Amino acid sequence: MTKILNPSLCTFIVYSKKLASYSYYLPLIIIFCSNQSHAAQPSALTTHDASPSPNSSSANPTKKTPPPAKVLDQDTGQHPEDKDMLLKDMWGVRPWLANYGITFTAVDINEVWGNPYGGNKQGAAYEGMTTLTLNWDPEKILGIKHGLFNISGMQIRGRQFTAENLSNLNNISGIEANRSTRLWELWYQQGFWDDKFTVRIGKLSLDQEFNISDYATMFMNASFGWSMVSSVDTYSGGVDYPLAAPGIRFAFQPNENWTNLFAITNDNPNNVPFCNPSGAFTCDPQAKHLSGTHFNFTTGVFIINELQYHLNPAPDDKDKLASTGYPGTYRIGAYFDSAGFPDQRYNAQKLPLADPDNAQTMWKHRHNWSLYGIIDQMVWRNKDRNHSIGLFGRIQTSPGDRSPVNLGGDAGIVYKGMFNREDDSIGFAWGFGRFGDRARQYDRDYRYFNNDPSWRIRRTEHHIELAWQIQATPWWEIKPDFQYIFNPGGGLNLEEGYHKRIQNEAIFGLRSTINF
């Protein structure tokens, strides 16, 4: 299952400007997630008036946004405009910390889920996450300009609802993960040439900046954050929430239209064997090292590059906003993993894995790779710039012989300004993940060698989601959510030896996010 669903503690800063919100979360019936930062500048979609606010309760609770030290007022440690964090100045603590260049954020997320229909079984569950983030700008003390130190931790709690009730390829919540209290990211970033070029080194979570759609963060299903392909086809579920790995990231933004991101990290944060979601070699890739203090340097290298084009970025001069066209961001990216990846059909002797008389050994291909493209585009905005409609789409592929899911994608629409409330949004999205040819051949082999005609062949899982984001107060967000999963797990058997598959699933959820 996609790893994005495993955070116990999450830090978010809710940057709530009439149309944009950055969030961080702490453990309560409200969720806190700490946000780690974006490249040289945020996407035009998150800075333009009437763009959908990248909310703190998104599918990826760690949605890339400027780190606290770059968003909060440097003198007060609070949001520069509304100051509507729940604890405001924290009885004078935030302004005192700001004197030394330190900003502190806490975000708490709490959610309840239920599936009255479909799945392995029906029932309800609670999930929650709190994130604490501390940023330090060394300029006030050491005089070092454009520097930033970041440390964040998470506390994750509740049941793993997807694994227990649903058996989907992706968790239905972006915060679902193994219960833990853990270190998340730990890094130092240095900017050059007015932050046009930045270097970040330390323990990094790549989903903060790479392979993420701005509009898709409106939704709660994990696949709308770090993608299904990137989660299922990598070790440990990928270098993404709630995991992080030692590495270095370079960001170059020569002008307001172009950004290039490049990173090299360890490929296996938890140093575990490769885990398939089903079929051969299934396991839980996140059950080890729950403290988050494991720094793995012994396995493969993960290299990723993403080129971004920002259409109609917001001008610095607000008087020119009226003449600016609809903003959009277009991304193309690729990653390469140097580790070995097991064939989905054959063992080390190149014999069928599904034959119980053959050894369950791995025939490892020398590496893996993936290509992806993402589009975020506003298509309509009213004259007052407090209502807008935006579309997003993403497609990603990887080799079918070593990748369980070799094709995935998603698309959706977001309307901002619901019921004349400019910070409320509603959206509808769809996504899919298709099992590769070798994985399907494994199922056919299993039918034959085990004389089990009831064994189902995994194909494609589809999911749709309807989400409504309600900004109840500047520091409190509520999100009712509905999801429907078609062909869960690609069509898994409900029970071994039983011909019926897991039935399509209707899922209802409610999330509360509070920025402290």
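Caption draft 1: Up close: the packing of aromatic side chains. Applying the stated criterion across every chain yields a total of 25 aromatic pairs. Plain terms: the ring middles of Phe192 and Trp193 are 6.2 Å apart, the flat faces sit at 50° to each other, and that makes the pair tilted. Owing to a relative accessible area of 36%, Phe192 belongs among the partly exposed residues under this scheme. Judged by its relative accessible area of 63%, Trp193 is exposed. For Arg200, the ring lying beneath its charged end belongs to Trp187, and the centroid distance is 3.9 Å. Here the guanidinium or amino end of Lys203 rests over the ring plane of Phe295, the centre of that ring lying 5.6 Å away.

Caption draft 2: Examining the pairing of strand E2 (residues 102–117) more closely. When you tally the buried positions in E2, you get twelve out of 16 residues, the bulk of the element. By the bridge criterion, six bridges tie E2 to strand E3 (residues 123–136) in an arrangement that is antiparallel. Bridge pairing in E3 places Ile102 opposite Trp136. Pairing analysis gives nine bridges linking E2 to strand E19 (residues 505–515), with the strands arranged antiparallel. Bridge pairing in E19 places Val107 opposite Asn515.

Caption draft 3: Representation of the pairing of E3 in the model. Between the antiparallel neighbours E2 and E3 lie five residues, among them Gly118 with a positive phi of about 80°. Here E3 pairs with strand E4 (residues 147–158) via ten bridges, running antiparallel. Bridge pairing in E4 links Thr130 to Gln155.

Caption draft 4: A look at a nonpolar patch on the surface. Where nonpolar side chains cluster on the molecular surface, the patch consists of Tyr326, Val379, Trp380, Leu391, Ile413, Phe428 and Leu466 and spans about 580 Å² of accessible area. When you line up the elements, Leu391 lands in strand E14 (residues 388–397). On the accessibility criterion, Leu391 (35% relative accessible area) is partly exposed.

Caption draft 5: The confidence of the model for the protein, seen in detail. Here the protein averages 84 in pLDDT, and 82% of its residues register 70 or above. For residues 1–66, every residue scores under 50 in pLDDT, and the model assigns this stretch 468 contacts once sequence neighbours within four places are set aside.

Caption draft 6: Main features of helix H7 (residues 437–449). For H7, with 13 residues, the first-to-last C-alpha span of 18 Å sits near the 18 Å given by 1.5 Å per residue. Along H7, the residues classified as buried are Ala439, Arg440, Tyr442, Asp443, Asp445 and Tyr446. For H7, the secondary structure elements touched by its buried residues are strand E16 (425–435). At the exit of H7 stands Asn451, carrying a positive phi of roughly 50°.

Caption draft 7: Molecular detail of the pattern of salt bridges. Applying the stated criterion across every chain yields a total of 15 salt bridges. With its nearest N and O atoms 3.7 Å apart, the salt bridge here joins Arg200 to Glu209. For the pair Arg200 and Glu209, one class covers both residues: buried. The structure contains a network of salt bridges with shared partners spanning Asp214, Glu306, Arg331 and Asp376.

Caption draft 8: Inspection of unusual backbone geometry at higher detail. With an omega of 5°, the peptide bond running from Tyr241 to Pro242 counts as cis. With respect to the helices and strands, the residue Pro242 is situated in the loop between helix H6 (228–232) and strand E7 (245–255). For Lys88, which is not glycine, the phi dihedral falls at a positive 50°. Here Lys88 lies in the loop between helix H2 (68–71) and helix H3 (93–98). For Asn420, which is not glycine, the phi dihedral falls at a positive 60°. Note that Asn420 resides in the loop between strand E15 (405–416) and E16. Asn420 gets classed as exposed once you look at its relative accessible area, which sits at 70%.

Caption draft 9: Region of the structure containing the environment of Asp376. Relative to the elements of secondary structure, Asp376 occurs in strand E13 (residues 368–381). In sequence terms Asp376 and Ile413 are 37 residues apart; their C-alpha atoms lie 9.9 Å from each other. At 2.7 Å, the side chain of Asp376 and the side chain of Ser213 are in polar contact. Here Tyr215 takes part through its backbone nitrogen, which lies 3.1 Å from a polar atom of the side chain of Asp376.

Caption draft 10: Molecular detail of the nonpolar core. In terms of nonpolar packing, the biggest core is built from 13 residues, with Leu206, Phe210, Ala263, Phe302, Ile304 and Tyr372 touching the most fellow members. Elements supplying a minimum of two residues to this core: E7, strand E8 (258–266), strand E9 (301–311) and E13. If near-sequence neighbours (up to four positions away) are discounted, Ile304 is found in contact with Leu206, Phe210, Leu261, Phe262, Ala263, Ala334, Tyr335 and Tyr372.

Caption draft 11: Seen up close, the environment of Thr198. Mapped onto the elements of the fold, Thr198 is located in strand E6 (residues 197–204). Considered as a pair, Thr198 and Leu261 are 63 residues apart in the sequence and their alpha carbons are 9.7 Å apart. Among residues more than four places away in sequence, those in contact with Thr198 are Gln189, Gln190, Gly191, Arg249, Phe250 and Ala251. Among the polar contacts made by the side chain of Thr198, one reaches the side chain of Arg249 at a distance of 2.7 Å.

Caption draft 12: Geometry of the side chain of Asp108. Among the structural elements, Asp108 can be located in strand E2. We classify Asp108 as buried; its relative accessible area is 0%. A polar atom in the side chain of Asp108 sits 2.5 Å from the side chain of Asn110. At a separation of 2.8 Å, a polar atom in the side chain of Asp108 contacts the side chain of Arg157.

Rules of the game
- Residues numbered from 1 in each chain as written.
- Predicted model: local features only at pLDDT ≥ 70, side-chain atom pairs only at ≥ 80, totals over all residues.
- Heavy atoms only, no water.
- Phe/Tyr/Trp six-rings, centres within 6.5 Å; stacked < 30°, edge-to-face > 60°.
- Buried < 20%, exposed > 50% of the residue type's maximum accessible area, 1.4 Å probe, protein only.
- Lys NZ or Arg CZ within 6 Å of the ring centre and 35° of its normal.
- Helix = DSSP H or I, 4+ residues; strand = E, 2+ residues; numbered from the N terminus.
- Pairing = 2+ DSSP bridges.
- Patch = residues over 30% accessible without salt bridge, like charges linked within 9 Å, V, L, I, M, F, W, Y side chains within 5 Å.
- Areas by Shrake-Rupley, 256 points an atom, 1.4 Å probe, with all protein chains shown as cover.
- Salt bridge = Lys/Arg side-chain N within 4 Å of Asp/Glu carboxyl O.
- pLDDT = per-residue confidence, 0-100.
- Contact = heavy atoms within 4.5 Å.
- Expected span 1.5 Å × (residues − 1).
- Polar contact = N/O pair within 3.5 Å; in protein donor to acceptor, adjacent residues only side chain to side chain.
- Core = buried A, V, L, I, M, F, W, Y, C linked by side-chain atoms within 4.5 Å.

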